[in-house]
Protein chains: 2
Amino acid sequence: MPIYKAPLRDMHFALWEAAGAAALRALPGMEEIGADLATPVLEGAAAFCEEVLVALNRTGDEEGCVLENGAVRTPRGFAEAYRAYREGGWPALACDTAFGGQGLPKIVSVMFEEMICSANLAFGRYPGLTHGVYSALRAHGTGAQKALYLPKLVDGSWAGTMCLTEPHCGTDLGLLRTRAEPARDGSYRITGTKIFISAGEHDLTENIVHLVLARLADAPGGSRGISLFLVPKFIPDAQGNPGARNAVAAGALEHKMGIKASATCVMNFDGATGWLVGAPNKGLAAMFTMMNEARLSVGIQGLGLAEVSYQNAVAYARERLQGRRLGGAAAPDKPADPILAHPDVRRMLLTMRAWIEGSRMLAARTALAIDIAAHDPDPARAQAAGDEGALMTPIVKALFSDMGWEMTALGMQVLGGHGYIREWAMEQFVRDARIAQIYEGTNGVQALDLVGRKMPAHGGRALRRFFHPLSEWTAARAGRPEIAEFVEPLAKAFGRLQGLTAELARRGLADPFEAGAGASEYLRLFGLVALAREWAHAAQIALPRQEEAFYRAKLATARFFFRHILPQHTGLAASIVAGGAELRAFADADF
Amino acid sequence: MPIYKAPLRDMHFALWEAAGAAALRALPGMEEIGADLATPVLEGAAAFCEEVLVALNRTGDEEGCVLENGAVRTPRGFAEAYRAYREGGWPALACDTAFGGQGLPKIVSVMFEEMICSANLAFGRYPGLTHGVYSALRAHGTGAQKALYLPKLVDGSWAGTMCLTEPHCGTDLGLLRTRAEPARDGSYRITGTKIFISAGEHDLTENIVHLVLARLADAPGGSRGISLFLVPKFIPDAQGNPGARNAVAAGALEHKMGIKASATCVMNFDGATGWLVGAPNKGLAAMFTMMNEARLSVGIQGLGLAEVSYQNAVAYARERLQGRRLGGAAAPDKPADPILAHPDVRRMLLTMRAWIEGSRMLAARTALAIDIAAHDPDPARAQAAGDEGALMTPIVKALFSDMGWEMTALGMQVLGGHGYIREWAMEQFVRDARIAQIYEGTNGVQALDLVGRKMPAHGGRALRRFFHPLSEWTAARAGRPEIAEFVEPLAKAFGRLQGLTAELARRGLADPFEAGAGASEYLRLFGLVALAREWAHAAQIALPRQEEAFYRAKLATARFFFRHILPQHTGLAASIVAGGAELRAFADADF
């Protein structure tokens, strides 16, 4: 069985040393938030993940879910684990105290999310979207809807789903066909088929609240004619308890590459009763409240899986004896050296570390921006933080999910043939990681969101939230020899990013196809610069603390990042500069 | 069900236009070899793969193999497909006519191998190692062994395996414990456990011939004390027919990430009767005859899977309607454009094409070198070609298998959520591709083979087989404006490779750890330059033929490679130059 210990020390570093999350204390309602409060919470979260969830990860993958007579049976142990999750109060962590929540900020919940993804991603998919449903209802629901649904979502007795995709439409929601007809009592009858619905049906909660995109009869065509509806599996009775069964049911389970213990359902709505959430035809905007939150969480999935893969790769590399270290035996008393001694194995492990710890710092910083946006009473500061969160969301989603895929594959490689067999779970981490590049908008869609929406919005206002502070940071440190090895390559890569941003904007104005041609590589380059900023900052923190092993490792990892990973930006830049000429010139028939 | 059509036109280009395989005709025994002979053979191979193997790929993955009472049952249809494979004479393709083979060269069989890997990699694993056993016995067996075993291997009635790995030793065969005790009749009793044995046991052939590495009682320790034994499942009787059951049996089947229809066995040798192949304690050298051949084939697996993934991604991209093309609708009469119109989808597909077609050219050139080495009566020319084959083997193995993994993942991404569900098979290609980076020596081991063995051997003789012709080729084309867009970046990347080769050799002499630190990235860089050579050559062929769509597509793909893929070499170069300082500085305890 794979091992997992939550990386609490590094989470502490990312939150309180690197991101500077103590700044939250200055905001109303956040006065109590600090490491002293958060650490015990995260320790409790770690215990839950390590003791309850890890053990169900392999068995859940092997068993999968079963659909019988419309009911989904989750793998053995999942129901008990969910009960423990509820009893621990974990669903309420980042929810409003007005609805029974604990009122903790995103900076804390994001670290808990990482742990769940490390321990058992498939389990995490059940409560995973409930918080999104909570957020969407809280932002767009009526007072009655909030009073009825939010306490149930917050205490975890009910779960939530997002029902967007249909067989013929995923990315292009303008094509969707599910329709909503008004009933006399103010509710609607929802009819249509939704696919790829995570946790669409299961046996963990007493009710399931579907948020469904559908079209009213008189709605305009395309994406401007989509409304959002709340469709509970059981219609709440007068006391707010689950009452009559609604006309929504799981028609099939998908058989997937990974997250097999997560029930991915085809959901049939057959005149199901639903209630409008927000204004008619404004459903996409309301859904985006949920979607942005979900996108960040999907990025965290990549981080969590990379972390658990790393831990298991290291454990194997310490134990497995094979060959002799080049340049001199590491364990001459043993029949062979641990493979940890081999340079190529160390390269793989340090590559993983550099991506993982860099991503964790960026996750902490982004979560902090989201918290500030939600709590800062100063509108300008709140807007600035909101811009930063919005800008970084597609980057975190795509960069981290790509990273999760690449790093779990690297972790598996450390185990050689043992990585390919199911017993060790390393291949499960890879299969589980693969979905994050696809769902909640493929990574290509994230790149278009960055280049086509976030970049140009408000005359590039969001970009400036990243560019200006970074310009100031590097300028303030120019010519300081002790950190020049970090600041100089960061400034250089950042200059490249700035130049390419202007270039891509210019080309995109002339022909939007050109912006699309470079979007994915631009996002990756942006992500590398964002990680370089984190690592330069971390190096500065670590440099004066070299008597402690933690900071020595941090500094060495920073150096590895700058010398071995950041240089990838040059190839990306060359490809972006080359533009879309070949993509355009190649004839459709010739593919 | 996935589609597959063998890319016969591009195989023709790779063999006869790019690699210039017609040169073979000048060699004794090869006078008949040309496109006119090879094309019908490859058309027949294509028909077999398309009509018989493709249909069994998904079902084989879902069913897997079953071990009952020591016997392995392959998935439904595999036995019939194997019979058709035998009846078609396919096992004999590249075997000596003296033993019933067809005497066709590697350049033909390598293309057939690619097709099998595209159509059904797991099926291909059954006959896959038989040819290696044939080659090892032909090179090292006694006359009696050859007469008894080779005709059976050539007609496919018997299959072969390679038994190297043990639970505690894979890469480091010096640790192996399986022992061989001489019997009075000149045979040996083999005892030990081997793991990860592809096709170790199955129901496709009447006998299975295991080649087993084991240790004689008086053998020196480590890798110099390993001998090679032939251990048949059924001991041939006086007539050469399968006789008494030998004491070798499958103890378990591995449950793997992919190639699930391939029986990967734990093999228990319990005093099994075996016969020495070659000289005592020279088993590793004899096994390397087989291993080098197998390594090339493993590279081809990546190529075959990338090709079939590409074909299915294109088919989906043509059909799936979603969104509108940036910069103007492509199909204004439809509700949305085919996703083939989107720049990011075209980027993914052209990336796949550039890697796949470049690799196919390199495969053809490498196979030609192997054929020349085997058939050229001039020792100097044969040695030169053999050097080229030896040099390129680890590069093809690692580069192509990495490519297979990366490109199947890209093909899957084109399908979005539909790529992640099993129904479409795109995720199977990814899972099947993953093993090629691991078996027959992990890709890290290939990199060490390149840097530690192939590079320094005979004072760098093998390297010069690559460097000198390429220097001449680029020098002869310097200053020719019509191909400057290819020759100049090729010359630049090649210059970088030459510089880094010298640098890595210098550092490796001072400290072998340094050579190991840069080995994987050096191999990748070498591979990129080798592909750039192929693409520059292809562009030169295609340039004057732009009235034909095939050559227009070839030229556009060449441009894509040079502008969007080759630039990755700069990041690799920077990382290699940075060396192993961080790998060395990082304390073991800090991982």
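Residues numbered from 1 in each chain as written. Chains lettered and ligands numbered in written order. Predicted model: local features only at pLDDT ≥ 70, side-chain atom pairs only at ≥ 80, totals over all residues. Heavy atoms only, no water.

Draft legend 1. How the structure looks around the environment of Asp172(B). Here Asp172(B) shows up in the loop between β3 (158-163) and β4 (179-182). The exposure class assigned to Asp172(B) is buried, which follows from its relative accessible area of 17%. Each C-alpha atom of the pair Asp172(B) and Gly222(B) lies 8.9 Å from the other, and the pair is 50 residues apart in sequence. Apart from the residues lying within four places of it in its own chain, the contact partners of Asp172(B) are Gln322(A), Gly323(A) and Ala336(A). (Helix = DSSP H or I, 4+ residues; strand = E, 2+ residues; numbered from the N terminus. Buried < 20%, exposed > 50% of the residue type's maximum accessible area, 1.4 Å probe, protein only. Contact = heavy atoms within 4.5 Å.)

Draft legend 2. Local environment of empty space enclosed by the protein. Tallying each qualifying case throughout the model produces 4 cavities of 30 Å³ or more. Looking at the largest cavity, its volume works out to about 510 Å³. As for the largest cavity, its lining consists of 33 residues, of which Tyr85(B), Glu113(B), Pro127(B), Gly128(B) and His131(B) are closest to the centre. Secondary-structure elements contributing two or more residues to the lining of the largest cavity are α4 (78-87), α5 (106-128), α6 (130-140), α7 (143-154) and α8 (283-319) of chain B. No other element matches α5(B), which puts 11 residues into the lining of the largest cavity. Here the residues of the lining of the largest cavity sort into 19 nonpolar, 9 polar and 5 charged. Computed from the structure, the second largest cavity encloses a volume of approximately 40 Å³. If you trace the second largest cavity, you find it lined by Pro2(A), Ile3(A), Tyr4(A), Val54(A), Asn57(A), Ser118(A), Ala119(A), Val308(A) and Phe429(A). Grouping the amino acids of the lining of the second largest cavity by side-chain chemistry returns 7 nonpolar, 2 polar and no charged. (1 Å grid on protein atoms, 1.4 Å probe; cavity = no way out; pocket = protein on both sides within 12 Å on 5 of 7 lines; lining within 4 Å. Points joined across faces, edges and corners; volume = space filled by probe spheres on them. Nonpolar A, V, L, I, M, F, W, Y, C, P; charged D, E, K, R; others polar.)

Draft legend 3. Summary view of the packing of helix α2 (residues 35-53) of chain A against helix α5 (residues 106-128) of chain A. Residues and elements named next belong to chain A. The contact between α2 and α5 brings their axes to 10 Å, and the two run at 0°. Between α2 and α5, the interaxial angle falls into the category roughly parallel. For the pair formed by α2 and α5, the contact residues are Ala-38, Val-41, Leu-42, Ala-45, Ala-46, Phe-48, Cys-49 and Leu-53 on the first element and Val-108, Met-111, Phe-112, Met-115, Ile-116, Ala-119, Asn-120 and Phe-123 on the second. By residue class, the composition of the contact of α2 with α5 is 15 nonpolar, 1 polar and no charged. (Axes fitted to C-alpha atoms, helices over the stretch in contact; angles between N-to-C directions. Parallel < 35°, antiparallel > 145°, perpendicular 65-115°, else oblique.)

Draft legend 4. Geometry of the interface of chain A and chain B. Every contact between the two is made by 91 residues of chain A and, on the other side, 91 residues of chain B. Summed over both sides, the interface of chain A with chain B buries roughly 7600 Å², with 61% coming from carbon and sulfur. Taken as a group, Tyr420(A), Glu582(A) and Phe591(A) account for 12% of the area that chain A buries against chain B, more than any other trio of residues on that side. Linking chain A with chain B are 4 salt bridges, by the criterion used here. When the shortest N-O distance is used, the salt bridge between Asp588(B) and Arg346(A) registers 2.7 Å. Along the contact surface separating chain A from chain B lie 51 residue pairs in polar contact (both at pLDDT 80 or more). Of the residues forming the side of chain A that touches chain B, the biggest block, 8 residues, is contributed by helix α17 (residues 549-565) of chain A. Tallied by class, residues from the side of chain A that touches chain B come to 42 nonpolar, 25 polar and 24 charged. (Buried area = accessible area lost by both parts, 1.4 Å probe. Salt bridge = Lys/Arg side-chain N within 4 Å of Asp/Glu carboxyl O. Polar contact = N/O pair within 3.5 Å; in protein donor to acceptor, adjacent residues only side chain to side chain.)

Draft legend 5. Representation of α5(B). Residues and elements named next belong to chain B. Helix length check: α5, at 23 residues, gives a terminal C-alpha distance of 14 Å against a target of 33 Å (1.5 Å per residue), a shortfall beyond 12%. Along α5, the sharpest kink reaches roughly 125°, centred on Asn-120. Most of α5 is tucked away: 22 of the 23 residues are buried. (Expected span 1.5 Å × (residues − 1). Bend = angle between axes of the 7 residues up to and from the residue.)

Draft legend 6. How the structure looks around helix α10 (residues 379-414) of chain B. Residue and element names in this part refer to chain B. The terminal C-alpha atoms of α10 lie 49 Å apart, and with 36 residues this matches the ideal 52 Å at 1.5 Å per residue to within 8%. Residue Met-392 marks the point of greatest curvature in α10, where the axis turns by about 35°; the proline Pro-394 follows within four residues. Most of α10 sits out of view: 28 of its 36 residues are buried. In this structure Asp-378 caps α10, since a side-chain oxygen of it lies 3.1 Å from the backbone nitrogen of Ala-380. Where α10 terminates, the next one or two residues include Gly-416, which has phi positive at roughly 55°.

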